[in-house]
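Structural features, examined
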Amino acid sequence: MRPTVRQIGCGDRATWLRLRTALWPDEAAEVHGQDVDAFLGDETGFGFVAETENGTAVGFAEISIRPFANGCDSRPVPFLEGIWVAAPFRRRGIGGLLVKQIEAFVAARGFHEIGSDALVENHASHAAHRSWGFSETERVVHFRKLLGARS
C-alpha cells in the first residue's frame, strides 16, 4: 500500500497542526496555529500531506517561497521548511513522494530549484536529502548578538 500525497487545504488545519507538533514538539501550539494560518492565508507557503488509503495522515512537508536561500542561484526560491514521516512509515519512500509532489508543484509555477537545510549534526536528514536528489552547497554556523538589556 503506497500512500498518496496531496496539497493541504483549509479543511486540514487540525491535521496540519498535529503533524507540525510531531516534527517540532518544542514549539508552542499557539505558534503552530499562527504559522499554519499564515500558510493557508497567502500564496507564499504550502503544505502537503501523505495519506494512507483510509485517509490517515502519515507524513507532511512544508515549503515557502523565500526571497533567497543560501546555496541557490534563483530568486525567489521555494524552500523545504520541514518534512516529517511517522516512525512506523519511515524508510518506505514517503519522504521521496512528498518531495516529488513538491517538485511538480513548484516546477509548474516556473521554479527551477528548491532550497533546504538541516542542522550540521543531523546526519539522517543529510542522507535523506541526498536520497531525494538534493546536493549540499555549503555549511554555515549562525551567530547572534543581543542588543540592550533584556528582562
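Figured I'd write up the structure that's included with this text. (Residues numbered from 1 in each chain as written. Predicted model: local features only at pLDDT ≥ 70, side-chain atom pairs only at ≥ 80, totals over all residues. Heavy atoms only, no water.)

Comments concerning the overall build of the protein
Broken down by element type, the protein carries four helices and five strands. Listed by position from the N terminus, the elements making up the protein come as β-α-α-β-β-β-α-β-α. For 151 residues, the compact-globule formula gives about 15 Å, and the C-alpha radius of gyration of the protein, at 16 Å, lands near that figure. A buried classification covers 36% of the 151 residues belonging to the protein. Counting only contacts in the protein whose residues sit at least 6 apart along the sequence, the fraction spanning at least 24 positions is 56%. Taken together, the 17 basic and 19 acidic charged side chains of the protein have centroids lying 4 Å from each other. (Helix = DSSP H or I, 4+ residues; strand = E, 2+ residues; numbered from the N terminus. Rg over C-alpha atoms; globule rule 2.2 N^0.38 Å. Buried < 20%, exposed > 50% of the residue type's maximum accessible area, 1.4 Å probe, protein only. Contact = heavy atoms within 4.5 Å. Lys, Arg positive; Asp, Glu negative; His and termini not counted. Charge placed at Lys NZ, Arg CZ, Asp CG, Glu CD.)

Here's the deal with the nonpolar core
Of all hydrophobic cores here, the largest spans 20 residues; its most connected members are F48, I63, L80, I83, L98 and I102. Listing elements by their share of this core, those giving two or more residues are β2 (45-51), β3 (57-66), β4 (77-85) and α3 (94-107). Broken down by element, the residue count for this core peaks at seven residues, all from α3. Once residues lying within four places of it in the same chain are set aside, the contact partners of L98 are V5, F48, V49, A50, G59, F60, A61, I83, W84 and V85. Counting residues in each nonpolar core, the second largest holds 11 residues, with I8, W16, V36 and A86 among its members. (Core = buried A, V, L, I, M, F, W, Y, C linked by side-chain atoms within 4.5 Å.)

Digging into the packing of aromatic side chains
Counted according to the given criterion, the structure contains four aromatic pairs. Measuring from ring centre to ring centre gives 5.1 Å for F48 and F105, while their planes differ by 75°; the resulting arrangement is edge-to-face. Here F48 is found in strand β2, whereas its partner F105 is found in helix α3, with 57 residues between them in sequence. Like F48, the residue F105 is buried in the burial classification. Feature note: the residues F46, F48 and F105 constitute an aromatic cluster, connected by ring pairs. (Phe/Tyr/Trp six-rings, centres within 6.5 Å; stacked < 30°, edge-to-face > 60°.)

So, helix α4 (residues 123-131)
Restricting attention to buried positions, one finds in α4 the residues S125, H126 and H129. Burial along α4 is one-sided: seen end-on, the buried residues are contained in an arc of 105°. Exposed side of α4, more than 90 degrees from the buried face: H123, A124, R130 and S131 are the residues found there. Looking at the packing, one finds that the buried side of α4 touches β4 and β5 (115-116). Positioned one or two residues after α4, G133 has a phi angle of 100°, which is positive. (Arc of directions from axis to C-beta.)

From the geometry alone we can't say anything about function, so treat these as descriptive.
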